[in-house]
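If you want the building blocks of each chain, they are given just below.
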Amino acid sequence: MTPHKTATTLADGRELIYFDLAAGARRRRTDPRSLPPVSTTAQMRWDPLLEEWVMIASHRQDRTFLPPADECPLCPSVDGHRTEIPADDYDVVVFENRFPSLSAGAALDDAGGGHPLVEVRPAVGRCEVVCFSSDHSRRFADLTPGHARLVIDAWADRTLALSGVKGVEQVFCFESRGEEIGVTLSHPHGQIYAYPFTTPRTSRMFQAAARHRRRTGGDLHTDVLDAERRSGIRIVAENEHWSAFVPAAARWPLEVHLYPRRRVKSIPDLDDAERDALVTIYLDLLARLDRLYDRPLPYVSAWHQGPVDDPDDLGYLHLQLFSIRRSADKLKYLAGSESGMGAFVTDTLPEQVAHRLREV
């Protein structure tokens, strides 16, 4: 299914794209606001101790923080309140972030102190916001299957487009939900980062996958998925094309991984049947999570797509969905071991979590 798209430009030059369920939807293209230029001062600094890039974007200190519903910048525009979306209604909208960590026009305004081991570069890339619905109170789990499929098609469209941008090495689609997670806008939305480097987690997974292949001749992700399906004790839900399970070494109190049965590397590689099946299992999974404590669960939903360049054929698309809520009235904070050493201590048993999610 090809989504119906309408592209326009906001008052400060940022791109906005409407994705509509019905062809021929009329969307306002003109943004009447007077906006200052978007900051292009984001930079990256190389951490020589961990050998990874750190993005520094000091202009984000001034970004919008938990506005009341009638001042939400992601709702449709109405008389007296012009938002990031010029139209008076929409299905799904994607636009460039007004406070980006990565920017196509990034330029250095600070040499970074001249440390001989700390390389400094402009943080060239792109950050986009994905608004799932014009309804401020709706959650992703509340979307109709057709509307959820439109979001998936928008993720695929943007992944494909951003993967073709010069200098982009990895595209990351994700949703953070809940003030406990650190969300600063309550409107149902996610984000997309187009990084000019391969992220640390992906680099580590690819190193592990390469060692597994040398040792066994197999594909690491395929073998993990096959082992979980054979065991069955941590499986939460399955359908013809997807399997959801709690990983055996889960780091978070609630963590579920969702894999397609067929190995693909990115969301655009999913065919129509796989996307439709993803809608079914993903909406079911989100509903289970929200029923667990009879309240909306704070979570991060992170799509792990391989880097744009994968010459060793190690990538396997999968979703990591996790929450810091460890009980109905307690949160899991990253304490000394996790924050200081990166060594996780979890308070829940993966097999018990999977059982609860199956039963809920």
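Please refer to the structure higher up on the page.
Residues numbered from 1 in each chain as written. Predicted model: local features only at pLDDT ≥ 70, side-chain atom pairs only at ≥ 80, totals over all residues. Heavy atoms only, no water.

Student: Just to check I follow, could you spell out the overall build of the protein for this structure?
Tutor: Helix and strand counts for the protein come out as six helices and 16 strands. Relative to its length of 360 residues, the protein is compact, with a C-alpha radius of gyration of 21 Å against a globular reference of 21 Å. Along the longest, intermediate and shortest principal axes, the C-alpha atoms of the protein span 60 × 55 × 40 Å. A total of 360 residues make up the protein; the buried ones form 51% of that total. Looking at the protein alone, contacts between residues at least 24 apart form 66% of all its contacts between residues at least 6 apart. As displayed, the protein offers around 16,900 Å² of accessible surface, 51% of which is attributable to carbon and sulfur atoms. If you average the places of the 44 positive and of the 52 negative side-chain charges in the protein, the two averages end up 2 Å apart. (Helix = DSSP H or I, 4+ residues; strand = E, 2+ residues; numbered from the N terminus. Rg over C-alpha atoms; globule rule 2.2 N^0.38 Å. Buried < 20%, exposed > 50% of the residue type's maximum accessible area, 1.4 Å probe, protein only. Contact = heavy atoms within 4.5 Å. Areas by Shrake-Rupley, 256 points an atom, 1.4 Å probe, with all protein chains shown as cover. Lys, Arg positive; Asp, Glu negative; His and termini not counted. Charge placed at Lys NZ, Arg CZ, Asp CG, Glu CD.)

Student: Where do I start with the side chain of Arg325 in this structure?
Tutor: Checked against the element boundaries, Arg325 lands in strand E15 (residues 325-327). In this structure the side chain of Arg325 is engaged in a polar contact, spanning 3.2 Å, whose partner is the side chain of Glu180. Once residues within four sequence positions are removed from consideration, Arg325 is found in contact with Glu180, Pro253, Leu254, Tyr293, Arg295, Leu297, Pro298, Lys330 and Leu331. (Polar contact = N/O pair within 3.5 Å; in protein donor to acceptor, adjacent residues only side chain to side chain.)

Student: Sorry, what's going on with the pairing of strand E2 (residues 15-20) here?
Tutor: Sheet faces and side chains relate simply in a regular strand, where the side chains alternate between the two faces. Burial runs high along E2: five of the six residues are buried. With six bridges connecting them, strand E1 (residues 4-9) and E2 associate as antiparallel partners. Opposite Thr8, over in E2, you have Leu16 as the bridge partner. Count of turn residues in the E1/E2 antiparallel hairpin: five residues, of which Gly13 carries a positive phi of about 95°. Note that E2 and strand E5 (residues 92-96) share four bridges and pair antiparallel. Within E5, the position partnered with Tyr18 by the bridge is Val93. (Pairing = 2+ DSSP bridges.)

Student: Which parts of the structure should I look at to understand the environment of Asp20?
Tutor: Relative to the assigned elements, Asp20 resides in strand E2. Expressed as a C-alpha distance, the spacing of Asp20 and Ala154, which sit 134 residues apart in the sequence, is 9.8 Å. Beyond its immediate chain neighbours, meaning those up to four positions away, Asp20 contacts His4, Thr6, Ala25, Arg27, Asp91 and Leu150. A distance of 2.6 Å separates a polar atom in the side chain of Asp20 from a polar atom in the side chain of Arg27.

Student: Explain the sheet that holds strand E4 (residues 52-56) to me, please; I cannot follow it from the model alone.
Tutor: Strand pairing in a sheet relies on backbone hydrogen bonds. The paired strands run either parallel or antiparallel. The three strands are arranged E4-E3-E6 in an open sheet whose pairing can be described as antiparallel. Unpaired on one side and paired on the other, E4 and strand E6 (120-122) mark the two borders of the sheet. Strand-to-strand twist of the sheet, defined as the mean angle between neighbouring strand axes without regard to direction, takes the value 30°. As paired strands, strand E3 (residues 43-47) and E6 are joined by three bridges and run antiparallel to one another. The partner of Arg45 across the bridge, within E6, is Val120. (Axes fitted to C-alpha atoms, helices over the stretch in contact; angles between N-to-C directions.)

Student: Got a minute to help me understand the sheet that holds strand E10 (residues 235-238) in this structure?
Tutor: An order of E1-E2-E5-E7-E9-E8-E13-E14-E12-E11-E10 is seen for the 11 strands of this open sheet, with the pairing classed as antiparallel. Since the sheet does not close on itself, it has two edges, and those belong to E1 and E10, each with one partner. Strand-to-strand twist of the sheet, defined as the mean angle between neighbouring strand axes without regard to direction, takes the value 20°. Pairing between strand E8 (residues 170-177) and strand E13 (residues 299-304): four bridges, direction antiparallel. Paired with Arg177 across the two strands is Tyr299, which belongs to E13. The strands touched by helix H1 (residues 145-163) are E1, E2, E5, strand E7 (126-131), E8, strand E9 (189-195) and E13; relative to E2, the strand with the most contacts, the crossing angle is about 145°.

Student: I'm lost on the pairing of strand E12 (residues 254-260) in this one. Help?
Tutor: The buried count for E12 comes to seven of seven residues, which makes it a mostly enclosed element. The side-chain alternation of E12 yields two buried faces, one formed by Leu254, Val256, Leu258 and Pro260 and the other by Glu255, His257 and Tyr259. In this structure, E12 lies alongside strand E14 (residues 318-323), joined through five bridges in antiparallel fashion. Bridging across to E14, Val256 finds its partner in Leu321.

Student: Can you help me understand helix H3 (residues 220-231) in this one?
Tutor: Given a rise of 1.5 Å per residue, 12 residues ought to cover 16 Å, and the 17 Å separating the end C-alpha atoms of H3 matches this to within 8%. Residues of H3 that are buried include every one of His221, Leu225 and Glu228, and no others. In an axial view of H3, the angular spread of the buried residues amounts to 65°, which keeps them on one side of the axis. Residues of H3 that are buried in the fold lie against helix H2 (200-216), E10, strand E11 (242-245), E12 and E14. Measuring from the backbone nitrogen of His221 back to the side-chain oxygen at the start of H3 gives 3.4 Å, which picks out Asp219 as the cap. Immediately beyond the C-terminal end of H3, within one or two residues, lies Gly232, with a positive phi of roughly 80°. (Expected span 1.5 Å × (residues − 1). Arc of directions from axis to C-beta.)

Student: I would appreciate a short explanation of the nonpolar core in the present structure.
Tutor: For soluble globular proteins, the rule of thumb is that nonpolar side chains tend to be buried together. Ranked by size, the top nonpolar core spans 53 residues in total, and within it Phe140, Trp155, Trp242, Ile267, Leu278, Trp303 and Leu357 carry the most contacts. Top element by residues in this core is helix H4 (residues 272-292). It accounts for 10 residues. In this view, Trp242 contacts Ala237, Leu258, Tyr259, Pro260, Arg261, Leu270, Glu274, Ala277, Leu278, Ile281, Trp303 and Leu317; residues no more than four positions away in its chain are not counted. (Core = buried A, V, L, I, M, F, W, Y, C linked by side-chain atoms within 4.5 Å.)

Student: How should I be thinking about unusual backbone geometry in this particular structure?
Tutor: When glycine is set aside, most residues are seen to have a negative phi, and most peptide bonds are trans. Of note, Leu66 is a non-glycine position whose phi angle comes to about 45°, a positive value. Looking at the element boundaries, Leu66 is found in the loop between E4 and E5. Residue classification places Leu66 among the partly exposed residues on the basis of a relative accessible area of 31%. The phi dihedral of Asp313 is positive, around 55°, even though this residue is not glycine. Following the sequence through the fold, Asp313 ends up in the loop between E13 and E14.

Read these as spatial facts, not as claims about activity.
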